[in-house]
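Report on the structure
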Amino acid sequence: MSDAPRTDSIPVAPSEQQTEETPQPARTATGSIRTSTATGAIRTLGANPATAPIMLHPGDAISLGRRTLYIILLGALTALGPFTIDLYLPAFPVLEEDFQTTAAAIQLTLTGTMIGFALGQLVVGPLSDKVGRRVPLIVVTALHVLASVGAALAPDLGLLSAARVLMGVGAAAGGVVAMAIVRDLFGGRRLVIMLSRLALVSGVAPVIAPLIGSWLLTLMPWRGIFGVLAAYGVVMLLSTLLFIPETLPVARRQGGGATMAQRYRSVLSDRVFLGVLVIGGMTFSGLFSYLSASPFLFQVTHGLDAQQYGLLFAVNSLGVVAGVQTASRLAARFGPQWVMAYSTAVLLLAGVAIIVTDQLGLGLWGTVIPLFVFMTACGFTFPNVQVLALDRHGKAAGTAASIIGATNFGVAGLISPLAGWLSHDAGITATTMASVMVGCAAIGVLSLWFVVRPRTVGMLTP
């Protein structure tokens, strides 16, 4: 799909020297012979080898049941980051009261988590290209468990903020390694389907996390939420050890052949990648501007209790689900760049509509309806950003995924508190929240048409 010819998934004949060192082909239970190349292409030789299908990607040979297991586990790993960031959002007013501080100070704990999440991904992604996927995933997830326990026991806001930064770093491996594993195994249109499942999780998890957090607050104090996150991390750690294999063979690792700087340079020199990187970062920033402002907007300004606030998030999650599932089908048929041409425009229009309805005094429903449209457009955008970025960089999938995640959460962490800053001491309103969303959407639209340039991007490979 890139402007240059793709060679990373084309099977090549091994040289005589390579043939001597290559293990003998394995015979399956049915008596056929399975051979594979260093690129990951697989060929199963049956009674008639001349007509045997060639599977260009290792995942083509995986059974439906195994793919389903991977979707569940990788989806849960992907959700670890958003749950770490958002599960405690309904507790913001309680934290503000307990620590006798301001709303802006509480929002900074969210910013610290997102920055830690971004920095962690910048290290974990390239490291997973060098040493494999499992080791970074295990080590960093263990850090998440320890940091979550620290947050649950933090006696003051300063230590809580420090623990939250480490929790962000610890949650970093889940999303970036999950995307890299999917890219290791799949390509073309199947890559679209698999990434759409992860995008569904990464898009829905931030929205349903406050709903779950609201429910948890009815059962336990806010410190218990961090205990739940520690338990979640333990489950992911055990699942990784027991069920997730190493998907990056030693032959395909970029250990001695390329430095971290070279891998970053190869990815960041791609114009289309840079364009979709901006689109993804701005879409996430718009989403998290809403997430960070919403506890104060809906619970303080509009008087919703924690359960009503969580229900609102649940309704908005339906829009994200519908957007992601529809986008995966449209992207495979028309191309992800053209789906984003519409979704980014809708993001901009929905943000403007929130400002207009708020200025007209239409109240809660005047904000909620266009907000639902905005969330649906986010669902259309997220999977297409991932597909356009990763399909072009199979050899550096971990690095590419880390840049996407770091940009999404790092930029969003810096931008999301702007709604509180614009409000000053007057309280967060729908207008101040949506002003940030509109600015982010406008930058995304400009990046699509002036950097990505949809007409220059080819269609997905079969």
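Up top you'll find the structure we're talking about.
Note that the structure is predicted; figures quoted are calculated from it, not measured.

Conventions used here
- Residues numbered from 1 in each chain as written.
- Predicted model: local features only at pLDDT ≥ 70, side-chain atom pairs only at ≥ 80, totals over all residues.
- Heavy atoms only, no water.
- Helix = DSSP H or I, 4+ residues; strand = E, 2+ residues; numbered from the N terminus.
- Buried < 20%, exposed > 50% of the residue type's maximum accessible area, 1.4 Å probe, protein only.
- Contact = heavy atoms within 4.5 Å.
- Salt bridge = Lys/Arg side-chain N within 4 Å of Asp/Glu carboxyl O.
- Phe/Tyr/Trp six-rings, centres within 6.5 Å; stacked < 30°, edge-to-face > 60°.
- Lys NZ or Arg CZ within 6 Å of the ring centre and 35° of its normal.
- 1 Å grid on protein atoms, 1.4 Å probe; cavity = no way out; pocket = protein on both sides within 12 Å on 5 of 7 lines; lining within 4 Å.
- Points joined across faces, edges and corners; volume = space filled by probe spheres on them.
- Axes fitted to C-alpha atoms, helices over the stretch in contact; angles between N-to-C directions.
- Parallel < 35°, antiparallel > 145°, perpendicular 65-115°, else oblique.
- Left-handed = near helix turned anticlockwise from the far one by under 90°.
- Polar contact = N/O pair within 3.5 Å; in protein donor to acceptor, adjacent residues only side chain to side chain.
- Core = buried A, V, L, I, M, F, W, Y, C linked by side-chain atoms within 4.5 Å.

Next up on the list: the overall build of the protein. Helix and strand content of the protein: 16 helices and 4 strands. Here the protein holds 462 residues, and the buried ones make up 56% of them. Long-range pairs, those at least 24 residues apart, make up 80% of the contacts in the protein between residues at least 6 apart in sequence.

Moving on to the pattern of salt bridges. Applying the stated criterion across every chain yields a total of 2 salt bridges. Among the ionic pairs, D129 bridges to R133, the shortest N-O distance being 2.9 Å. Taking the relative accessible area as the measure of exposure, D129 reaches 2% and is therefore buried. D184 serves as the salt-bridge partner of R133, at 2.8 Å between the closest nitrogen and oxygen. Here R133 is found in the loop between α4 (103-131) and α5 (134-153), whereas its partner D184 is found in helix α6 (residues 157-185), with 51 residues between them in sequence. Judged by its relative accessible area of 2%, R133 falls in the buried class. Exposure remark for D184: the relative accessible area of 2% places this residue in the buried category. Salt bridges here are not isolated pairs; linked through shared partners, they connect D129, R133 and D184.

Time to look at the environment of F298. Relative to the assigned elements, F298 resides in helix α10 (residues 271-301). C-alpha separation for the pair F298 and I428, spaced 130 residues apart in sequence, amounts to 9.5 Å.

Turning our attention to the packing of aromatic side chains. Scanning all chains against the criterion turns up 8 aromatic pairs. Judged by centre distance (6.0 Å) and plane angle (70°), the rings of F83 and Y232 are edge-to-face. Here F83 is found in helix α2 (residues 64-86), whereas its partner Y232 is found in helix α8 (residues 222-243), with 149 residues between them in sequence. Across the pair, exposure class does not vary: F83 and Y232 are buried alike. On the numbers, 5.7 Å between centres and 20° between planes, the contact of F284 with F288 is stacked. A residue pair is termed a helical-turn pair when its members lie 3 or 4 positions apart in one helix, as F284 and F288 do in helix α10 at 4 residues. An identical accessibility class is assigned to F284 and F288; each is buried. Each member of the aromatic cluster is reached from another via a ring pair, and the members are Y88, F92, F99, W222 and F226. In this structure, R164 is placed above the aromatic ring of Y88, and the distance from its NZ or CZ to the ring centre is 4.0 Å.

Structurally, the position occupied by V145 is in helix α5. In this structure, the C-alpha to C-alpha distance between V145 and G227, residues 82 residues apart in sequence, is 9.1 Å. With residues up to four places along the chain from it excluded, the contact list for V145 reads A230, G233 and V234.

Here the focus is empty space enclosed by the protein. Here the structure, examined in full by the defined rule, presents 2 cavities of 30 Å³ or more. Of the volumes computed, that of the largest cavity is approximately 210 Å³. Lining the largest cavity are 18 residues; nearest its centre among them are M179, S202, Q386, N408 and F409. Those elements that provide at least two residues to the lining of the largest cavity are α2, α4, α6, α7 (188-217), α10, α13 (363-390) and α14 (397-415). If you tally residues by element for the lining of the largest cavity, the top one is α14, at 4 residues.

Before going further, it helps to examine the packing of helix α9 (residues 260-268) against α14. Put simply, α9 and α14 touch, their axes get as near as 10 Å, and they point 70° apart. With respect to α14, the element α9 is oriented roughly perpendicular. At the point where α9 passes α14, the crossing takes the right-handed sense. Contacts between α9 and α14 involve R263, Y264, V267 and L268 on the former and, on the latter, T399, A400, S402 and I403.

What follows deals with the side chain of N316. Inspection of the secondary structure assignment puts N316 in helix α11 (residues 306-334). Reaching out from N316, the side chain makes a polar contact with the side chain of Y290 at a distance of 2.8 Å. Ignoring sequence-local partners within four residues, the contact set of N316 consists of V207, Y290, L371, F372 and M375.

The biggest cluster of nonpolar side chains holds 126 residues, and the ones touching the most others in it are L74, L160, F226, F288, Y290 and F298. For this core, the leading source of residues is α10, giving 15 residues. Filtering out sequence-adjacent residues up to four positions away, F226 remains in contact with Y88, S148, A151, A152, L160, R164 and M167.

Of note, A341 is situated in helix α12 (residues 336-359). On the basis of relative accessible area, A341 is assigned to the buried category, the value being 12%. The spatial distance from the C-alpha of A341 to the C-alpha of T381 is 9.2 Å, given a sequence separation of 40 residues. In this view, A341 contacts L448 and W449; residues no more than four positions away in its chain are not counted.

At Q100, a position not held by glycine, the phi torsion is positive, near 50°. With respect to the element layout, Q100 can be found in the loop between α3 (92-98) and α4. You can call Q100 exposed: its relative accessible area is 69%. At R453, a position not held by glycine, the phi torsion is positive, near 55°. Note on placement: R453 falls in the segment after α16 (430-452).

Keep in mind that these numbers describe shape and distance, not what the molecule does.
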